[in-house]
Amino acid sequence: PVTIRTNIGDNEYQIKNDSYTLTVNDGTVEFTATATATLSTPYTTKRWEINNSGTGTVTLATIGGKTVNGQASGTITLAQDESISVQYNGTNFRIL
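Residues numbered from 1 in each chain as written. Predicted model: local features only at pLDDT ≥ 70, side-chain atom pairs only at ≥ 80, totals over all residues. Heavy atoms only, no water.

J.: Run through the overall build of the protein, naming residues and quoting values.
T.: The secondary structure content of the protein amounts to zero helices and ten strands. Going from N to C terminus, the protein has its helices and strands arranged as β-β-β-β-β-β-β-β-β-β. Buried residues in the protein amount to 38% of all 96 residues. A sequence separation of at least 24 residues applies to 33% of the contacts in the protein between residues at least 6 apart. (Helix = DSSP H or I, 4+ residues; strand = E, 2+ residues; numbered from the N terminus. Buried < 20%, exposed > 50% of the residue type's maximum accessible area, 1.4 Å probe, protein only. Contact = heavy atoms within 4.5 Å.)

Here you go:
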């Protein structure tokens, strides 16, 4: 997998061409191919921007049974040129 990192303040901009688990150091993650974006250990102050710049589908996944806007892991997908912002609210992930 190719990884390009650019440090922007306290958050890194990542470009990925394969599935990836987001970390506390990530800010924006751009996917250039079909992949799964896994939201890692919840951080209540952490906001992630996820972008699909490829022609495939990016699927959002969670760990530990967490949901995204009440939807189970793997049910929210991004088509080409779609983006999403998510943040943990202390219980589950929310789309902002």
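Picking up after the structure, the text goes on.
J.: Give me the sheet that holds strand β3 (residues 20–22): which residues, what numbers.
T.: Think of a sheet as strands paired side by side through backbone hydrogen bonds, with each pair either parallel or antiparallel. Strand order in the open sheet formed by four strands is β3-β5-β7-β8, and the pairing between neighbours is mixed. Unpaired on one side and paired on the other, β3 and β8 (76–78) mark the two borders of the sheet. Averaged over all adjacent pairs, the angle separating strand axes in this sheet is 30 degrees, with direction ignored. The pairing of β3 with strand β5 (residues 35–39) spans three bridges and is parallel. Residue pairing in the sheet places Y20 in a bridge with A37 of β5. (Pairing = 2+ DSSP bridges. Axes fitted to C-alpha atoms, helices over the stretch in contact; angles between N-to-C directions.)

J.: Before we move on, can you summarise the packing of aromatic side chains with the specific residues and values?
T.: A ring pair, where both rings are aromatic, is described by two values, the distance of the centres and the angle of the planes. Taken as a whole and assessed by the stated rule, the structure comprises two aromatic pairs. An angle of 35 degrees between the planes, with centres 6.2 Å apart, marks the rings of W48 and F93 as tilted. Highlighted residues: W48 in strand β6 (residues 47–52) and F93 in strand β10 (residues 93–95), separated in sequence by 45 residues. F93 carries the same exposure label as W48, and that label is buried. Among the aromatic residues, those joined into a cluster by ring pairs are W48, Y88 and F93. (Phe/Tyr/Trp six-rings, centres within 6.5 Å; stacked < 30°, edge-to-face > 60°.)

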